[in-house]
Amino acid sequence: MSDAYDYFKAHAIAATQKARALPFGRDKQKQRVVARVYHLLAREAAFTPNVHHLDAFRAARRLERQVER
């Protein structure tokens, strides 16, 4: 396993737990999408080099910051 896989997997778990804690609504849906993106990035990072996932990771972080507001 690569470092990127472990990093993305940790983010996916944290995002899933955060989504479970949110009340029903738009923010919960967005947080679930963020968790799915991190999970997909983790799966892809297991097979390809780490550098290719930086743009997708940054996009997921931006979306997660929007949920926090």
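These numbers come from a predicted model, not from an experiment. (Residues numbered from 1 in each chain as written. Predicted model: local features only at pLDDT ≥ 70, side-chain atom pairs only at ≥ 80, totals over all residues. Heavy atoms only, no water.)

Here we come to the pattern of salt bridges. A complete count under the given rule lists 1 salt bridge for this structure. With a closest N to O distance of 3.5 Å, Glu-64 and Arg-61 form a salt bridge. Of this pair, Glu-64 and Arg-61 are both found in helix H3 (residues 54-68), 3 residues apart, which corresponds to roughly one turn of the helix. Judged by relative accessible area, Glu-64 falls into the buried class, the value being 10%. By relative accessible area, Arg-61 is classed as partly exposed at 28%. (Salt bridge = Lys/Arg side-chain N within 4 Å of Asp/Glu carboxyl O. Helix = DSSP H or I, 4+ residues; strand = E, 2+ residues; numbered from the N terminus. Buried < 20%, exposed > 50% of the residue type's maximum accessible area, 1.4 Å probe, protein only.)

This brings us to the nonpolar core. Membership of the largest hydrophobic core comes to 13 residues, with the highest contact counts inside it found for Phe-8, Ala-15, Tyr-38, Leu-41 and Phe-57. Breaking this core down by element, the ones donating at least two residues are helix H1 (3-21), helix H2 (26-45) and H3. Broken down by element, the residue count for this core peaks at 6 residues, all from H2. (Core = buried A, V, L, I, M, F, W, Y, C linked by side-chain atoms within 4.5 Å.)

Here we come to H1. The first and last C-alpha atoms of H1 sit 28 Å apart over 19 residues, in line with the 27 Å expected at 1.5 Å per residue. Of the positions making up H1, those classed as buried are Ala-4, Tyr-5, Phe-8, His-11, Ala-12, Ala-15 and Ala-19. Looking straight down H1, one finds that the buried residues subtend no more than 130° of arc, so they occupy a single side. The exposed set on the far side of H1, more than 90 degrees from its buried face, consists of Asp-3, Gln-17, Arg-20 and Ala-21. (Expected span 1.5 Å × (residues − 1). Arc of directions from axis to C-beta.)

The subject of this paragraph is the packing of aromatic side chains. Tallied over the full model, the rule gives 1 aromatic pair. Relative to Phe-8, the ring of Tyr-7 has its centre 6.2 Å away and its plane inclined at 55°; by these criteria the two rings are tilted. Take Phe-8: its relative accessible area is 4%, and that puts it in the buried class. It is Lys-28 that lies over the ring of Phe-24; its NZ or CZ is 4.6 Å from the centre. (Phe/Tyr/Trp six-rings, centres within 6.5 Å; stacked < 30°, edge-to-face > 60°. Lys NZ or Arg CZ within 6 Å of the ring centre and 35° of its normal.)

Secondary-structure assignment places Lys-18 in helix H1. For Lys-18 and Gln-31, which are 13 residues apart along the polypeptide, the C-alpha to C-alpha distance reads 7.3 Å.

Here we come to the environment of Val-34. One can find Val-34 in helix H2. For Val-34 and Ala-59, which are 25 residues apart along the polypeptide, the C-alpha to C-alpha distance reads 9.4 Å. Dropping the residues within four chain positions of it, Val-34 is found in contact with Ala-15, Ala-60, Leu-63 and Glu-64. (Contact = heavy atoms within 4.5 Å.)

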